[in-house]
Amino acid sequence: MKTYELLLILPGTYDDTSASRFVKDLENTLSKFNAKINEVQLNGKLQLAYSIKDKKSAFQVIARITAEPKDISAIKERMKLVEELLRFEIYNVPEMVAS
């Protein structure tokens, strides 16, 4: 299994509580792909440089996950179906940094 960082941009109407609820739901979804959330960082609200889906502010969440490389494309496809997400990205974390 490899380590990845999952960047989530949620609507600015989210707060720590609703973002935590979203992360719990996400954890259930990821478990279907044999992926696991190791660490979550709730970065709070931020002003966007440009509107995304008519939203001017967003709530940023960064999650460090472990998953098999073959499952990442399926996870990305599933994430595209989540309507609450304004944007998301999955980054590969080099092994030296992951340790």
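The shown structure was predicted, so the numbers you read here are calculated from the model rather than taken from an experiment. (Residues numbered from 1 in each chain as written. Predicted model: local features only at pLDDT ≥ 70, side-chain atom pairs only at ≥ 80, totals over all residues. Heavy atoms only, no water.)

**Student:** If you had to explain helix α2 (residues 72–80) to someone new, which residues and values would you point to?
**Tutor:** All of the buried residues along α2 are Ile72, Ile75 and Met79. Looking down the long axis of α2, one finds its buried residues gathered within 60° of arc, a one-sided arrangement. (Buried < 20%, exposed > 50% of the residue type's maximum accessible area, 1.4 Å probe, protein only. Helix = DSSP H or I, 4+ residues; strand = E, 2+ residues; numbered from the N terminus. Arc of directions from axis to C-beta.)

**Student:** An account of the confidence of the model for the chain is needed here, citing residue identities and associated values.
**Tutor:** Confidence in the prediction for the chain averages 91 pLDDT; 96% of positions are at 70 or higher. Averaged pLDDT values for the elements of the chain fall to 66 in helix α3 (residues 95–98) and rise to 95 in strand β4 (residues 87–92). (pLDDT = per-residue confidence, 0-100.)

**Student:** Summarise unusual backbone geometry; cite the residues concerned and give the values.
**Tutor:** The phi dihedral of Asn34 falls on the positive side, at around 60°, and the residue is not glycine. Relative to the helices and strands, Asn34 resides in the loop between α1 (16–31) and β2 (36–52). In this structure, Lys53 takes a positive phi of about 50° despite not being glycine. With respect to the helices and strands, the residue Lys53 is situated in the loop between β2 and β3 (55–67).

**Student:** I'd like a rundown of the sheet that holds strand β1 (residues 2–11), residues and numbers included.
**Tutor:** The strand order across the open sheet built from four strands is β2-β3-β1-β4, with neighbouring strands paired in antiparallel fashion. Lying at the two open borders of the sheet, with one neighbouring strand each, are β2 and β4. Strand-to-strand twist of the sheet, defined as the mean angle between neighbouring strand axes without regard to direction, takes the value 20°. Relative to β4, β1 runs antiparallel, the two sharing six bridges. For Ile9, the partnering residue across the bridge sits in β4 and is Arg87. Sheet strands touched by α1: β1, β2 and β3. Its angle to β2, the strand with the most contacts, is close to 125°. (Pairing = 2+ DSSP bridges. Axes fitted to C-alpha atoms, helices over the stretch in contact; angles between N-to-C directions. Contact = heavy atoms within 4.5 Å.)

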